[in-house]
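# Tertiary structure, described
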2 protein chains.
Amino acid sequence: MTKQQVVQKLTGAPRAPRKTFGKAFAPSNIALCKYWGKRNAELNLPINSSLSISLGHLGTETVISQNESSDDMWLNDRHLDADETFAKRLIAYLNLFRPSPDFFFKISTTNNFPTAAGLASSASGYAALILALDDFFDWNLEGKALSILARLGSGSASRSVYQGFVQWYRGASDDGMDSYAEQLPEVWPELRLAVLTVSHATKPVSSTEGMQKTVETSTLYKSWPEKAERDLDLLRTAIQYKYFEQLGSVAESNALAMHATMIDTSPPVLYWLPETVAIFRKIWHLRRQGEQLYFTIDAGPNVKLLYEKPDEKMIQNHFPHAEIINPFGGI
Amino acid sequence: MTKQQVVQKLTGAPRAPRKTFGKAFAPSNIALCKYWGKRNAELNLPINSSLSISLGHLGTETVISQNESSDDMWLNDRHLDADETFAKRLIAYLNLFRPSPDFFFKISTTNNFPTAAGLASSASGYAALILALDDFFDWNLEGKALSILARLGSGSASRSVYQGFVQWYRGASDDGMDSYAEQLPEVWPELRLAVLTVSHATKPVSSTEGMQKTVETSTLYKSWPEKAERDLDLLRTAIQYKYFEQLGSVAESNALAMHATMIDTSPPVLYWLPETVAIFRKIWHLRRQGEQLYFTIDAGPNVKLLYEKPDEKMIQNHFPHAEIINPFGGI
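What you see is a predicted model; the values in this text were computed from it and never measured. (Residues numbered from 1 in each chain as written. Chains lettered and ligands numbered in written order. Predicted model: local features only at pLDDT ≥ 70, side-chain atom pairs only at ≥ 80, totals over all residues. Heavy atoms only, no water.)

## Some details on helix 7 (residues 244–263) of chain B
Side chains that are three or four residues apart share a direction in an α-helix, a result of its 3.6 residues per turn. Look at helix 7 of chain B: 28 Å from first C-alpha to last across 20 residues, which is about the 28 Å you get at 1.5 Å a residue. Most of helix 7 of chain B sits inside the fold, with 18 of its 20 residues counted as buried. (Helix = DSSP H or I, 4+ residues; strand = E, 2+ residues; numbered from the N terminus. Expected span 1.5 Å × (residues − 1). Buried < 20%, exposed > 50% of the residue type's maximum accessible area, 1.4 Å probe, protein only.)

## Things to note about the interface of chain A and chain B
Interfaces are frequently sized by the accessible area removed from exposure as the parts join. Tallying the contact residues gives 27 residues for chain A and 27 residues for chain B. When chain A packs against chain B, close to 2400 Å² is buried across both sides, 67% of that on carbon and sulfur atoms. Looking only at chain A, the three residues that lose the most surface to chain B are Leu220, Leu270 and Arg281 of chain A, adding up to 23% of its buried area. The interface formed by chain A and chain B holds three salt bridges in total. A salt bridge links lysine 222 of chain B to glutamate 226 of chain A, with the shortest nitrogen-to-oxygen separation between them at 2.4 Å. Put simply, chain A and chain B have eight residue pairs in polar contact (both at pLDDT 80 or more) between them. (Contact = heavy atoms within 4.5 Å. Buried area = accessible area lost by both parts, 1.4 Å probe. Salt bridge = Lys/Arg side-chain N within 4 Å of Asp/Glu carboxyl O. Polar contact = N/O pair within 3.5 Å; in protein donor to acceptor, adjacent residues only side chain to side chain.)

## What to know about the environment of leucine 58 of chain B
Residues and elements named next belong to chain B. One can find leucine 58 in strand 4 (residues 50–67). Exposure remark for leucine 58: the relative accessible area of 12% places this residue in the buried category. Taking the C-alpha atoms as reference points, leucine 58 and threonine 296, separated by 238 residues in sequence, lie 18 Å from one another. Once residues within four sequence positions are removed from consideration, leucine 58 is found in contact with Phe25, Pro27, Ser28, Asn112, Phe113 and Ile325.

## A few points about the pattern of salt bridges
Within the structure shown, the criterion is met by 22 salt bridges over all chains. Of the charged contacts, one joins lysine 227 of chain A and aspartate 231 of chain A as a salt bridge, the two residues approaching to 3.3 Å between their closest N and O atoms. One end of the pair, lysine 227 of chain A, and the other, aspartate 231 of chain A, are both in helix 6 (residues 224–240), four residues apart, so they sit about a helical turn from each other. Judged by relative accessible area, which is 0%, aspartate 231 of chain A ranks as buried. Across the salt bridge formed by glutamate 252 of chain B and arginine 287 of chain B, the nearest N and O atoms sit 2.8 Å from each other. Taken together, the residues span a long stretch of sequence, with glutamate 252 of chain B in helix 7 and arginine 287 of chain B in helix 8 (residues 274–288) at a distance of 35 residues. Owing to a relative accessible area of 2%, glutamate 252 of chain B belongs among the buried residues under this scheme. Connected through shared salt-bridge partners, Asp264 of chain A together with Lys227, Arg230 and Asp231 of chain B make up one network.

## Here's the deal with the confidence of the model for chain A
Counting all residues, the mean pLDDT for chain A is 95, and 98% of those residues have values of 70 or more. ipTM for the predicted complex: 0.88, alongside a pTM of 0.93. (pLDDT = per-residue confidence, 0-100.)

## Focus on the packing of helix 3 (residues 122–137) of chain A against helix 4 (residues 143–153) of chain A
All names here are of chain A. Running from amino to carboxyl end, helix 3 crosses helix 4 at an angle of 130°, the nearest separation of the two axes being 8 Å. Between helix 3 and helix 4, the interaxial angle falls into the category oblique. Helix-helix and strand crossings are classified by hand; for helix 3 and helix 4 the assignment is right-handed. Where helix 3 abuts helix 4, its residues Tyr126, Ala127, Ile130, Leu131 and Asp134 lie against Leu146, Leu149, Ala150 and Gly153. (Axes fitted to C-alpha atoms, helices over the stretch in contact; angles between N-to-C directions. Parallel < 35°, antiparallel > 145°, perpendicular 65-115°, else oblique. Left-handed = near helix turned anticlockwise from the far one by under 90°.)

## What to know about the sheet that holds strand 11 (residues 294–296) of chain A
To summarise the sheet geometry, strands pair through backbone hydrogen bonds and adopt either a parallel or an antiparallel arrangement. Residues and elements named next belong to chain A. Read across the sheet, four strands follow the order 11-12-10-13 without closing on themselves; strand pairing throughout is antiparallel. Looking at which strands have only one partner, the edges of the open sheet turn out to be strand 11 and strand 13 (323–325). Each adjacent strand pair in this sheet contributes to an overall mean axis angle of 30°, direction not counted. Relative to strand 12 (residues 303–308), strand 10 (residues 191–196) runs antiparallel, the two sharing six bridges. (Pairing = 2+ DSSP bridges.)

## A closer look at the pairing of strand 12 (residues 303–308) of chain B
The two faces of a sheet get side chains in turn, since along a regular strand they alternate between them. Residue and element names in this part refer to chain B. When you tally the buried positions in strand 12, you get five out of six residues, the bulk of the element. Relative to strand 12, strand 11 (residues 294–296) runs antiparallel, the two sharing three bridges. When the sheet's bridge partners are listed, threonine 296 is paired in strand 12 with lysine 304. The antiparallel pairing of strand 11 with strand 12 creates a hairpin that spans six residues between the two strands.

## Re the pairing of strand 4 of chain B
All names here are of chain B. Where burial is concerned, most of strand 4 is hidden: 13 out of the 18 residues are buried. Where strand 1 (residues 21–33) meets strand 4, eleven bridges bridge the pair, whose relative direction is antiparallel. The residue bridging cysteine 33 from the neighbouring strand is leucine 51, located in strand 4. The pairing of strand 4 with strand 8 (residues 165–168) spans four bridges and is antiparallel. Each bridged residue has a counterpart across the sheet, and for serine 52 the counterpart in strand 8 is valine 166. In the sheet, strand 4 pairs with strand 7 (residues 104–111) via eight bridges, with the strands oriented antiparallel.

Written as structure tokens, this is what we have:
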């Protein structure tokens, strides 16, 4: 099944928008059990299920309307050239939703998280876009369909159509109709994240490319799906009982295992900088002293701390530059 | 089968020494395909076969004779207390070879490599000791038996009873009689190693303990034996055809995979320091510029470069503090 066929199956026959504009917000998300490896690159179907926490008010707002002669795209008030990589990918995604080939969009996208925080913008970006399209065309799709459509833009966007804890089921079918995310019922208002930015530089290897090389060349990756499945079960229990030590230690172990598969890739993919290792060691040192903090890390050098609200002073003392995130604040 | 039974099977009934002293030298070795994981901790039987290069004249010399009332042990001209960890392990090993319980040894052991080089001393130490015992008791054992007996002291010592390239066959039997090392016929006089010392500090986790924790808790470790087997085959071909790029890239990949399994251990075992990662990045940067150098790294923070003699100037320019080793020099 192609992307276009998935879109038609979920949104029906192409039709003109029913509103003058569509508008939506979607949160960024940080995975506690990582999405790492695709079984189908066209449809962004994952090898393993994953689990994330959405970041509340930190995310992307998108406004979409019709435009005259070509797509008109704005990111954080900057006009995008149609030949930029980012714009090309966006146009390819929009092609799936045009009522006719001569229908063009005007899109204005704003990320409200500091770029310095090193958060992925494609997850909240494609989630906000599909929510805005749903508003614009007045499809009134349910979460499951929105999650599948967001996934076609970026795998982890499938999780950003919800707030709170979100699980993305890997699914098994070739068309990916069973590969979508759902929000978990639990809330954990005391849970906090804090981003430690090591580098703002663009990654030398994109996460899409790193993922693909890992699946192709890492022998240790063969055991990753089993590891991810086990970690996801443990995280579900940790969330159910608000058992922070288990949540933190499993999330940390999962992130390190993902990086271990990257390190085992040929040629090696090492996103860590010397400062990244120094931060790991500082966190482990604090834990040995009895402090309750863990970390997760995505395909990049920046580290995300996990802790609970009563430890906020401790975190601020030891990591004065940390960007603190309250995922359940104001939801 | 116990250690004692293995010793009796190989050396026959206990007998008095036939010489006033025994003396031997054994080289240190650096594995290109690592020994990582035991299937039997009592007999040091490995999960995977491994392949190393012995370090020529860098190693341990041991002289052994009889002593009156207790074991008298000297390491680099320092007298050892019987309750030091190192001495206890040595006494336990010597117990396997006493002609009678009231027979004691005087042992003088000297490592001729700089302690700063961060080379493992247990491999050359137990290899030199078993060679000295063979001389002292005049057993005239062949290499295979000496390798097995050295293995009872320290797994990697099984490889240090030879010079050159050495392969340690994992074996399959419970008594370990098929788990021994052999010297490969090839020589590679142009091959060089260089040790980059990042830290002289004692490792927070011993390699024995790191290995055990990895086998017990790392999911990714399940794929390590397959990885090691493939790497060993590739290294054999690289050595046969003196194909340096393959030798270097496979050795580097094997070492990184071993560290990847450590990183996947719970709690994580990370031997790298920030400086270790900085050295990796420097090596990869030089390779992208066309230089021919690779690295391997054992259970510690220090990095060992692999290169060929024509590149010595380049290595000395970029790594002025490197300790250069010529493994085939003077053999």
